[in-house]
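For reference, the chains in residue letters:
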Amino acid sequence: MKSARIVPSLFGSALVLGWTVSAGGIDPRGRMVTLGLVTLAALASLRSGDVIPLRLPLFLPVFAALASLSTALIPGLGFEELFQLFFCAVAANILFPADDDHHFAMSLVFASLALAASIHVEALGNYMVLGRAGLGLGAAGFLAGAGVSSVALAASLPALWELRTRFARPLFAILSLAIVSAIVLTESRTGLVAAALGMAWPFLRMPSQSRRLVLLAGAVVLAVATVLFLPKFIDRLDPAYLTNAQRLSMWRGVGRAFLDRPLLGFGPWSFPVLGQSFLSWPKWELHPHSLILRVAFESGIIGLLAWASFLAAAVHGAVRSARAAWAPGVMLAILGGSLTDDMFWIPMLAFVFFAAAATMVAASRYRLSAREASSLLIVSGFAAALLPVLHDIQ
(Lines give C-alpha, C1' and ligand atoms only; values in the text may rest on other atoms or scores of the structure.)
Protein backbone atom coordinates (compact mmCIF):
# COMPACT_ATOMS: atom_id res chain seq x y z
CA MET A 1 0.00 0.00 0.00
CA LYS A 2 2.84 2.34 0.85
CA SER A 3 4.61 1.74 -2.50
CA ALA A 4 1.27 2.27 -4.25
CA ARG A 5 1.36 5.87 -2.99
CA ILE A 6 5.09 6.40 -3.47
CA VAL A 7 5.23 5.32 -7.13
CA PRO A 8 2.67 7.82 -8.53
CA SER A 9 4.12 10.57 -6.30
CA LEU A 10 7.64 10.03 -7.64
CA PHE A 11 6.52 9.74 -11.22
CA GLY A 12 4.16 12.70 -10.93
CA SER A 13 7.01 14.79 -9.52
CA ALA A 14 9.22 13.76 -12.44
CA LEU A 15 6.56 14.85 -14.93
CA VAL A 16 5.83 18.18 -13.26
CA LEU A 17 9.54 19.02 -12.99
CA GLY A 18 10.16 17.77 -16.52
CA TRP A 19 7.41 19.99 -17.92
CA THR A 20 8.58 23.02 -15.93
CA VAL A 21 11.86 23.93 -14.25
CA SER A 22 13.85 20.96 -15.62
CA ALA A 23 12.92 22.01 -19.18
CA GLY A 24 12.22 18.49 -20.38
CA GLY A 25 15.58 17.20 -19.17
CA ILE A 26 17.57 18.95 -21.91
CA ASP A 27 20.02 20.34 -19.40
CA PRO A 28 22.18 17.53 -17.91
CA ARG A 29 21.34 18.44 -14.31
CA GLY A 30 17.62 18.68 -15.07
CA ARG A 31 17.86 15.30 -16.79
CA MET A 32 19.58 13.82 -13.75
CA VAL A 33 16.70 14.95 -11.52
CA THR A 34 13.78 13.94 -13.75
CA LEU A 35 15.13 10.60 -14.99
CA GLY A 36 16.42 9.91 -11.48
CA LEU A 37 12.89 10.30 -10.11
CA VAL A 38 11.54 8.00 -12.83
CA THR A 39 14.20 5.43 -11.89
CA LEU A 40 13.23 5.62 -8.22
CA ALA A 41 9.54 5.25 -9.13
CA ALA A 42 10.26 2.14 -11.19
CA LEU A 43 12.43 0.65 -8.44
CA ALA A 44 9.72 1.35 -5.86
CA SER A 45 7.18 -0.47 -8.02
CA LEU A 46 9.25 -3.66 -8.03
CA ARG A 47 8.59 -6.15 -5.27
CA SER A 48 10.50 -9.31 -4.45
CA GLY A 49 9.03 -12.22 -6.38
CA ASP A 50 7.62 -9.99 -9.15
CA VAL A 51 7.92 -11.31 -12.69
CA ILE A 52 8.05 -8.62 -15.39
CA PRO A 53 6.77 -9.63 -18.84
CA LEU A 54 8.83 -8.01 -21.56
CA ARG A 55 7.15 -5.88 -24.19
CA LEU A 56 9.74 -6.45 -26.88
CA PRO A 57 8.58 -3.84 -29.43
CA LEU A 58 9.65 -1.14 -26.95
CA PHE A 59 13.24 -2.27 -27.47
CA LEU A 60 13.21 -2.20 -31.29
CA PRO A 61 14.47 1.44 -31.51
CA VAL A 62 17.25 0.46 -29.08
CA PHE A 63 18.35 -2.45 -31.27
CA ALA A 64 18.33 -0.21 -34.35
CA ALA A 65 20.46 2.44 -32.61
CA LEU A 66 22.85 -0.26 -31.42
CA ALA A 67 23.18 -1.68 -34.94
CA SER A 68 23.83 1.74 -36.48
CA LEU A 69 26.41 2.47 -33.77
CA SER A 70 28.68 -0.02 -35.53
CA THR A 71 28.85 2.28 -38.56
CA ALA A 72 29.21 5.57 -36.70
CA LEU A 73 32.23 7.70 -37.57
CA ILE A 74 32.38 8.87 -33.94
CA PRO A 75 30.77 6.04 -31.91
CA GLY A 76 31.06 7.87 -28.59
CA LEU A 77 28.50 10.44 -29.72
CA GLY A 78 25.81 7.79 -29.94
CA PHE A 79 26.08 6.27 -26.49
CA GLU A 80 24.03 8.97 -24.80
CA GLU A 81 21.09 8.52 -27.16
CA LEU A 82 21.44 4.73 -27.05
CA PHE A 83 21.26 4.66 -23.25
CA GLN A 84 18.36 7.11 -23.23
CA LEU A 85 16.34 4.86 -25.55
CA PHE A 86 17.29 1.82 -23.48
CA PHE A 87 16.24 3.54 -20.26
CA CYS A 88 12.89 4.61 -21.75
CA ALA A 89 12.17 1.03 -22.83
CA VAL A 90 13.19 -0.56 -19.52
CA ALA A 91 11.49 1.96 -17.20
CA ALA A 92 8.27 2.07 -19.24
CA ASN A 93 8.21 -1.72 -19.33
CA ILE A 94 8.35 -1.83 -15.52
CA LEU A 95 6.12 1.14 -14.65
CA PHE A 96 3.32 0.76 -17.18
CA PRO A 97 1.82 -2.68 -17.56
CA ALA A 98 -1.17 -2.82 -19.88
CA ASP A 99 -3.85 -1.62 -17.49
CA ASP A 100 -5.98 1.50 -17.18
CA ASP A 101 -4.02 3.29 -14.47
CA HIS A 102 -5.09 6.97 -14.45
CA HIS A 103 -2.19 8.20 -12.29
CA PHE A 104 -0.12 8.83 -15.40
CA ALA A 105 -2.92 10.74 -17.13
CA MET A 106 -3.59 12.88 -14.06
CA SER A 107 0.11 13.68 -13.62
CA LEU A 108 0.35 14.66 -17.28
CA VAL A 109 -2.61 17.01 -16.98
CA PHE A 110 -1.28 18.77 -13.86
CA ALA A 111 2.19 19.09 -15.38
CA SER A 112 0.68 20.63 -18.52
CA LEU A 113 -1.38 23.08 -16.47
CA ALA A 114 1.82 24.31 -14.81
CA LEU A 115 3.43 24.68 -18.24
CA ALA A 116 0.33 26.44 -19.61
CA ALA A 117 0.42 28.92 -16.72
CA SER A 118 4.02 29.83 -17.56
CA ILE A 119 3.03 30.43 -21.18
CA HIS A 120 0.12 32.69 -20.20
CA VAL A 121 2.37 34.70 -17.87
CA GLU A 122 4.99 35.11 -20.63
CA ALA A 123 2.36 36.10 -23.20
CA LEU A 124 0.85 38.62 -20.76
CA GLY A 125 4.28 40.13 -20.17
CA ASN A 126 4.86 40.44 -23.91
CA TYR A 127 1.46 42.07 -24.34
CA MET A 128 2.06 44.59 -21.55
CA VAL A 129 5.36 45.66 -23.09
CA LEU A 130 4.53 45.58 -26.82
CA GLY A 131 0.76 45.56 -26.99
CA ARG A 132 -0.97 43.21 -29.44
CA ALA A 133 2.27 42.82 -31.38
CA GLY A 134 3.71 41.10 -28.32
CA LEU A 135 1.31 38.19 -28.82
CA GLY A 136 3.04 37.52 -32.13
CA LEU A 137 6.29 36.64 -30.40
CA GLY A 138 5.08 33.14 -29.61
CA ALA A 139 5.37 32.32 -25.90
CA ALA A 140 7.37 29.25 -24.90
CA GLY A 141 7.06 29.06 -21.12
CA PHE A 142 9.22 26.79 -19.02
CA LEU A 143 10.32 24.56 -21.90
CA ALA A 144 11.98 27.50 -23.69
CA GLY A 145 10.79 26.40 -27.12
CA ALA A 146 7.36 27.16 -28.59
CA GLY A 147 7.21 23.94 -30.60
CA VAL A 148 8.28 21.73 -27.70
CA SER A 149 5.88 23.44 -25.28
CA SER A 150 2.94 23.19 -27.66
CA VAL A 151 3.49 19.46 -28.25
CA ALA A 152 3.84 18.78 -24.52
CA LEU A 153 0.53 20.58 -23.99
CA ALA A 154 -1.12 18.77 -26.91
CA ALA A 155 -0.12 15.42 -25.41
CA SER A 156 -2.16 16.22 -22.30
CA LEU A 157 -5.44 16.85 -24.15
CA PRO A 158 -6.32 13.14 -24.71
CA ALA A 159 -5.46 12.46 -21.07
CA LEU A 160 -7.67 15.34 -19.91
CA TRP A 161 -10.52 14.09 -22.09
CA GLU A 162 -10.36 10.60 -20.58
CA LEU A 163 -10.42 12.14 -17.09
CA ARG A 164 -13.39 14.40 -17.85
CA THR A 165 -15.80 12.47 -15.63
CA ARG A 166 -13.54 13.14 -12.63
CA PHE A 167 -14.03 16.89 -12.93
CA ALA A 168 -17.15 19.02 -12.71
CA ARG A 169 -18.13 20.26 -16.17
CA PRO A 170 -17.24 23.92 -15.52
CA LEU A 171 -13.83 22.90 -14.16
CA PHE A 172 -13.21 20.59 -17.12
CA ALA A 173 -14.06 23.47 -19.48
CA ILE A 174 -11.67 25.83 -17.65
CA LEU A 175 -8.82 23.31 -17.69
CA SER A 176 -9.36 22.60 -21.39
CA LEU A 177 -9.43 26.31 -22.19
CA ALA A 178 -6.23 26.91 -20.22
CA ILE A 179 -4.31 24.26 -22.18
CA VAL A 180 -5.78 24.98 -25.62
CA SER A 181 -5.30 28.75 -25.30
CA ALA A 182 -1.68 28.15 -24.25
CA ILE A 183 -1.15 26.09 -27.42
CA VAL A 184 -2.53 29.00 -29.47
CA LEU A 185 -0.27 31.48 -27.65
CA THR A 186 2.82 29.46 -28.59
CA GLU A 187 1.94 30.33 -32.20
CA SER A 188 3.22 26.90 -33.23
CA ARG A 189 1.82 25.10 -36.26
CA THR A 190 3.44 21.95 -34.93
CA GLY A 191 1.38 22.23 -31.75
CA LEU A 192 -1.88 22.55 -33.68
CA VAL A 193 -1.02 19.45 -35.73
CA ALA A 194 -0.09 17.56 -32.56
CA ALA A 195 -3.34 18.58 -30.85
CA ALA A 196 -5.44 17.55 -33.86
CA LEU A 197 -3.76 14.15 -34.15
CA GLY A 198 -3.79 13.59 -30.40
CA MET A 199 -7.53 14.15 -30.22
CA ALA A 200 -8.22 12.04 -33.32
CA TRP A 201 -8.28 8.80 -31.30
CA PRO A 202 -10.67 10.05 -28.59
CA PHE A 203 -12.74 11.69 -31.34
CA LEU A 204 -13.34 8.35 -33.05
CA ARG A 205 -14.57 6.89 -29.76
CA MET A 206 -16.87 9.77 -28.82
CA PRO A 207 -20.67 9.81 -29.05
CA SER A 208 -21.99 12.01 -31.85
CA GLN A 209 -22.96 14.88 -29.54
CA SER A 210 -19.46 15.08 -28.11
CA ARG A 211 -18.00 15.00 -31.62
CA ARG A 212 -20.05 18.04 -32.58
CA LEU A 213 -18.84 19.90 -29.50
CA VAL A 214 -15.19 19.04 -30.26
CA LEU A 215 -15.58 20.12 -33.91
CA LEU A 216 -17.14 23.39 -32.74
CA ALA A 217 -14.33 23.96 -30.25
CA GLY A 218 -11.74 23.21 -32.94
CA ALA A 219 -13.37 25.68 -35.30
CA VAL A 220 -13.36 28.36 -32.59
CA VAL A 221 -9.67 27.73 -31.84
CA LEU A 222 -8.76 28.01 -35.53
CA ALA A 223 -10.84 31.19 -35.88
CA VAL A 224 -9.19 32.83 -32.86
CA ALA A 225 -5.72 31.76 -34.01
CA THR A 226 -6.42 33.12 -37.49
CA VAL A 227 -7.64 36.48 -36.17
CA LEU A 228 -4.68 36.87 -33.81
CA PHE A 229 -2.00 35.71 -36.22
CA LEU A 230 -3.50 36.26 -39.71
CA PRO A 231 -0.50 38.08 -41.28
CA LYS A 232 1.93 35.43 -40.08
CA PHE A 233 -0.47 32.67 -41.09
CA ILE A 234 -0.54 33.99 -44.65
CA ASP A 235 3.24 34.39 -44.70
CA ARG A 236 3.72 30.81 -43.53
CA LEU A 237 1.90 29.44 -46.57
CA ASP A 238 4.82 30.62 -48.71
CA PRO A 239 7.45 27.89 -49.37
CA ALA A 240 10.09 30.61 -49.13
CA TYR A 241 9.07 31.43 -45.54
CA LEU A 242 12.06 30.94 -43.23
CA THR A 243 10.99 27.76 -41.42
CA ASN A 244 9.42 26.29 -44.59
CA ALA A 245 12.69 26.75 -46.46
CA GLN A 246 14.53 25.22 -43.53
CA ARG A 247 12.30 22.12 -43.49
CA LEU A 248 12.54 21.66 -47.28
CA SER A 249 16.33 21.86 -47.03
CA MET A 250 16.23 19.17 -44.33
CA TRP A 251 14.20 16.78 -46.46
CA ARG A 252 16.46 17.23 -49.50
CA GLY A 253 19.66 16.95 -47.44
CA VAL A 254 18.58 13.85 -45.52
CA GLY A 255 17.47 12.32 -48.82
CA ARG A 256 21.02 12.72 -50.18
CA ALA A 257 22.51 11.32 -46.97
CA PHE A 258 20.12 8.37 -47.04
CA LEU A 259 21.25 7.45 -50.53
CA ASP A 260 24.85 7.63 -49.34
CA ARG A 261 24.28 5.21 -46.41
CA PRO A 262 20.85 3.63 -46.79
CA LEU A 263 21.10 0.52 -44.61
CA LEU A 264 22.39 1.65 -41.19
CA GLY A 265 22.84 5.38 -41.59
CA PHE A 266 25.60 7.36 -39.90
CA GLY A 267 25.03 6.26 -36.31
CA PRO A 268 22.94 7.66 -33.41
CA TRP A 269 23.33 11.36 -32.72
CA SER A 270 25.51 11.86 -35.81
CA PHE A 271 23.35 14.55 -37.41
CA PRO A 272 24.74 17.49 -35.37
CA VAL A 273 28.24 16.62 -36.60
CA LEU A 274 27.67 15.39 -40.16
CA GLY A 275 24.28 16.76 -41.15
CA GLN A 276 25.45 20.18 -42.29
CA SER A 277 27.59 18.68 -45.06
CA PHE A 278 24.42 17.44 -46.78
CA LEU A 279 22.30 20.59 -46.31
CA SER A 280 21.96 23.74 -48.40
CA TRP A 281 20.62 25.47 -45.26
CA PRO A 282 23.40 27.79 -43.97
CA LYS A 283 22.66 27.54 -40.23
CA TRP A 284 23.97 24.66 -38.10
CA GLU A 285 21.15 22.45 -36.82
CA LEU A 286 21.05 20.10 -33.85
CA HIS A 287 18.52 17.78 -35.51
CA PRO A 288 16.62 17.68 -38.83
CA HIS A 289 13.29 18.74 -37.27
CA SER A 290 11.57 15.42 -37.94
CA LEU A 291 11.79 12.04 -36.26
CA ILE A 292 11.48 10.33 -39.65
CA LEU A 293 14.39 12.32 -41.04
CA ARG A 294 16.60 11.77 -38.00
CA VAL A 295 15.98 8.02 -37.96
CA ALA A 296 16.62 7.82 -41.72
CA PHE A 297 19.87 9.80 -41.35
CA GLU A 298 21.18 8.07 -38.25
CA SER A 299 19.85 4.50 -38.51
CA GLY A 300 18.86 4.07 -42.17
CA ILE A 301 16.45 1.41 -43.38
CA ILE A 302 17.03 -0.73 -40.28
CA GLY A 303 16.00 2.16 -38.05
CA LEU A 304 12.92 3.03 -40.12
CA LEU A 305 11.77 -0.59 -40.06
CA ALA A 306 12.39 -0.83 -36.30
CA TRP A 307 10.39 2.31 -35.51
CA ALA A 308 7.62 1.31 -37.94
CA SER A 309 7.35 -2.12 -36.28
CA PHE A 310 7.31 -0.49 -32.83
CA LEU A 311 4.48 1.83 -33.84
CA ALA A 312 2.57 -0.96 -35.60
CA ALA A 313 2.70 -3.08 -32.43
CA ALA A 314 1.35 -0.15 -30.41
CA VAL A 315 -1.47 0.52 -32.88
CA HIS A 316 -2.34 -3.18 -32.98
CA GLY A 317 -2.52 -3.27 -29.19
CA ALA A 318 -4.67 -0.13 -29.07
CA VAL A 319 -7.16 -1.50 -31.60
CA ARG A 320 -7.46 -4.84 -29.79
CA SER A 321 -7.88 -3.40 -26.31
CA ALA A 322 -9.81 -0.53 -24.73
CA ARG A 323 -7.46 -0.33 -21.73
CA ALA A 324 -5.55 2.90 -21.04
CA ALA A 325 -7.77 4.77 -23.49
CA TRP A 326 -5.71 7.97 -23.10
CA ALA A 327 -2.49 6.32 -24.33
CA PRO A 328 -3.06 6.25 -28.14
CA GLY A 329 -3.91 9.96 -28.14
CA VAL A 330 -0.78 10.83 -26.14
CA MET A 331 1.35 8.81 -28.56
CA LEU A 332 -0.28 10.37 -31.62
CA ALA A 333 0.19 13.91 -30.27
CA ILE A 334 3.92 13.45 -29.68
CA LEU A 335 4.31 11.59 -32.97
CA GLY A 336 2.42 14.34 -34.80
CA GLY A 337 4.69 16.95 -33.28
CA SER A 338 7.69 14.90 -34.35
CA LEU A 339 6.75 15.01 -38.03
CA THR A 340 7.92 18.60 -38.39
CA ASP A 341 9.98 19.17 -35.22
CA ASP A 342 11.72 16.14 -33.66
CA MET A 343 10.59 15.79 -30.03
CA PHE A 344 12.56 12.69 -29.14
CA TRP A 345 15.75 14.49 -28.22
CA ILE A 346 13.80 15.88 -25.25
CA PRO A 347 14.26 13.10 -22.63
CA MET A 348 10.95 13.47 -20.79
CA LEU A 349 8.89 13.71 -23.99
CA ALA A 350 10.61 10.58 -25.26
CA PHE A 351 9.84 8.78 -22.01
CA VAL A 352 6.19 9.84 -22.01
CA PHE A 353 5.90 8.43 -25.53
CA PHE A 354 7.40 5.09 -24.46
CA ALA A 355 5.23 5.05 -21.33
CA ALA A 356 2.07 5.47 -23.39
CA ALA A 357 3.25 2.75 -25.78
CA ALA A 358 3.92 0.37 -22.89
CA THR A 359 0.24 0.39 -21.95
CA MET A 360 -0.69 -0.68 -25.48
CA VAL A 361 1.99 -3.14 -26.59
CA ALA A 362 1.24 -6.79 -25.84
CA ALA A 363 3.53 -8.64 -23.44
CA SER A 364 5.74 -11.39 -24.84
CA ARG A 365 6.40 -14.80 -23.32
CA TYR A 366 9.79 -13.60 -22.10
CA ARG A 367 9.97 -12.66 -18.42
CA LEU A 368 12.37 -10.87 -16.09
CA SER A 369 12.64 -11.42 -12.37
CA ALA A 370 12.46 -8.39 -10.09
CA ARG A 371 16.22 -8.64 -9.52
CA GLU A 372 16.97 -8.75 -13.26
CA ALA A 373 14.62 -5.84 -13.94
CA SER A 374 16.20 -3.83 -11.12
CA SER A 375 19.69 -4.44 -12.50
CA LEU A 376 18.71 -3.31 -16.00
CA LEU A 377 16.94 -0.28 -14.58
CA ILE A 378 19.88 0.81 -12.41
CA VAL A 379 22.40 0.43 -15.25
CA SER A 380 20.25 2.21 -17.84
CA GLY A 381 19.11 4.85 -15.35
CA PHE A 382 22.67 5.62 -14.30
CA ALA A 383 23.80 5.87 -17.91
CA ALA A 384 20.86 8.01 -19.06
CA ALA A 385 20.59 10.27 -16.00
CA LEU A 386 24.16 10.66 -14.77
CA LEU A 387 26.53 10.27 -17.72
CA PRO A 388 25.44 13.59 -19.32
CA VAL A 389 26.29 15.36 -16.05
CA LEU A 390 29.82 13.99 -16.21
CA HIS A 391 30.35 15.94 -19.44
CA ASP A 392 29.94 19.16 -17.44
CA ILE A 393 32.59 18.25 -14.85
CA GLN A 394 35.74 20.16 -15.60
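See the structure above.
All of these numbers come straight from a predicted model, not from anything done at the bench.

Chemist: Would you take a moment to explain the overall build of the protein chain for this structure?
Modeler: When helices and strands are counted, the protein chain shows 15 helices and two strands. Scaling as 2.2 N^0.38, a compact globule of 394 residues should have a C-alpha radius of gyration of about 21 Å, and the protein chain matches this with 21 Å. Expressed along its principal axes, the backbone C-alpha trace of the protein chain runs to roughly 55 × 55 × 45 Å. In the protein chain, once contacts between residues fewer than 6 apart in sequence are set aside, the share between residues at least 24 apart is 80%. Accessible surface computed for the protein chain: about 17600 Å², of which carbon and sulfur atoms make up 70%. In the protein chain, 27 positive and 19 negative side-chain charges are present, and the distance between their average locations comes to 8 Å.

Chemist: What's the story with the side chain of serine 22 in this structure? I'm lost.
Modeler: The topology assignment puts serine 22 in the loop between helix H1 (2–19) and helix H2 (28–45). You can call serine 22 buried: its relative accessible area is 8%. In contact with serine 22, not counting residues within four places along its chain, are Leu17, Gly30 and Thr34.

Chemist: Looking at this structure, I do not really get helix H8 (residues 189–204). What am I missing?
Modeler: Given 3.6 residues per turn, any residue in an α-helix points the same way as the ones three and four places further on. With 16 residues, H8 should cover 22 Å at 1.5 Å per step; its first-to-last C-alpha distance of 23 Å lies within 8% of that length. Within H8 the residues assigned to the buried category are Thr190, Gly191, Ala194, Ala195, Gly198, Met199 and Pro202. Summarising the contacts, the buried residues of H8 are in contact with helix H6 (146–162), helix H7 (169–186) and helix H13 (327–340). For H8, the capping residue at the N-terminal end is serine 188, with a side-chain oxygen 3.3 Å from the backbone nitrogen of threonine 190.

Chemist: In this structure, what is going on with helix H12 (residues 291–320)? I would like to understand it.
Modeler: With 30 residues, H12 should reach 44 Å at 1.5 Å per residue; the first-to-last C-alpha distance of 26 Å falls well below that figure. The backbone nitrogen of isoleucine 292 lies 3.3 Å from a side-chain oxygen of the residue at the head of H12, namely serine 290.

Chemist: Quick question: what am I supposed to make of the packing of H2 against helix H14 (residues 347–358) here?
Modeler: Any two packed helices are characterised by how steeply their axes cross, that is the angle between the axes, and by the distance between the axes. Axis separation between H2 and H14 bottoms out at 10 Å; the angle between their running directions is 20°. Here H2 lies roughly parallel to H14, going by the angle between them. Residues Arg31, Thr34, Leu35 and Val38 of H2 form the contact with H14, whose own contacting residues are Pro347, Met348 and Phe351. Per-class residue counts for the contact of H2 with H14 are five nonpolar, one polar and one charged.

Chemist: What is the right way to read the pattern of salt bridges from this model?
Modeler: Counted by the stated rule, this structure contains five salt bridges. Linked through salt bridges whose partners overlap, the residues forming this network are Glu81, Arg294, Glu298 and Asp342.

Chemist: It is not clear to me how the nonpolar core should be interpreted in this structure. Could you clarify?
Modeler: What tends to happen in soluble globular proteins is that the nonpolar side chains get buried as a cluster. If you look at the biggest cluster of nonpolar residues, it comprises 99 residues, and the most contacted ones within it are Trp19, Phe351 and Phe354. Broken down by element, the residue count for this core peaks at 11 residues, all from H14. Listed in part, the 12 residues of the second largest apolar core include Met250, Ala257, Ala296 and Phe297.

Chemist: Help me understand the environment of alanine 154 in this model?
Modeler: Considering the arrangement of structural elements, one finds alanine 154 in helix H6. Note on alanine 154: relative accessible area 0%, which makes it buried. Along the primary structure alanine 154 and glycine 336 are separated by 182 residues, whereas in three dimensions their C-alpha atoms are 9.7 Å apart. Discounting chain neighbours no more than four positions away, the residues touching alanine 154 are Ile183, Gly191, Ala194, Ala195 and Ala333.

Chemist: Just to check I follow, could you spell out the environment of leucine 197 for this structure?
Modeler: Mapped onto the fold, leucine 197 is located in helix H8. Put simply, leucine 197 and alanine 333 are 136 residues apart on the chain and 5.5 Å apart in space, counted from C-alpha to C-alpha. Excluding anything up to four places from it in sequence, leucine 197 contacts Leu332, Gly336 and Leu339.

Chemist: Which parts of the structure should I look at to understand the packing of aromatic side chains?
Modeler: In this description, a pair of aromatic rings is defined by centroid distance and the angle of the planes. Counted according to the given criterion, the structure contains 21 aromatic pairs. Ring plane angle 25° and centroid distance 5.5 Å describe the contact between phenylalanine 11 and phenylalanine 104, whose orientation is recorded as stacked. Taken as a pair, phenylalanine 11 in helix H1 and phenylalanine 104 in helix H5 (residues 103–130) lie far apart in primary sequence, 93 residues in all. On the accessibility criterion, phenylalanine 11 (4% relative accessible area) is buried. You can call phenylalanine 104 buried: its relative accessible area is 1%.

Chemist: Help me out: how do you make sense of the packing of H8 against H13 in this one?
Modeler: Between H8 and H13, the least distance of the axes is 7 Å, while the angle of their chain directions is 150°. Compared by their axis directions, H8 and H13 come out roughly antiparallel. Where H8 crosses over H13, the handedness of that crossing is right-handed. Contact residues: H8 offers Thr190, Val193, Ala194, Leu197, Gly198 and Trp201, while H13 offers Pro328, Gly329, Leu332, Ala333, Gly336, Gly337, Leu339 and Thr340. Class assignment for the residues of the contact of H8 with H13 results in eight nonpolar, six polar and no charged.

What counts and what doesn't
Residues numbered from 1 in each chain as written. Predicted model: local features only at pLDDT ≥ 70, side-chain atom pairs only at ≥ 80, totals over all residues. Heavy atoms only, no water. Helix = DSSP H or I, 4+ residues; strand = E, 2+ residues; numbered from the N terminus. Rg over C-alpha atoms; globule rule 2.2 N^0.38 Å. Contact = heavy atoms within 4.5 Å. Areas by Shrake-Rupley, 256 points an atom, 1.4 Å probe, with all protein chains shown as cover. Lys, Arg positive; Asp, Glu negative; His and termini not counted. Charge placed at Lys NZ, Arg CZ, Asp CG, Glu CD. Buried < 20%, exposed > 50% of the residue type's maximum accessible area, 1.4 Å probe, protein only. Expected span 1.5 Å × (residues − 1). Polar contact = N/O pair within 3.5 Å; in protein donor to acceptor, adjacent residues only side chain to side chain. Axes fitted to C-alpha atoms, helices over the stretch in contact; angles between N-to-C directions. Parallel < 35°, antiparallel > 145°, perpendicular 65-115°, else oblique. Nonpolar A, V, L, I, M, F, W, Y, C, P; charged D, E, K, R; others polar. Salt bridge = Lys/Arg side-chain N within 4 Å of Asp/Glu carboxyl O. Core = buried A, V, L, I, M, F, W, Y, C linked by side-chain atoms within 4.5 Å. Phe/Tyr/Trp six-rings, centres within 6.5 Å; stacked < 30°, edge-to-face > 60°. Left-handed = near helix turned anticlockwise from the far one by under 90°.

Function-wise, these values are silent; they only describe arrangement.
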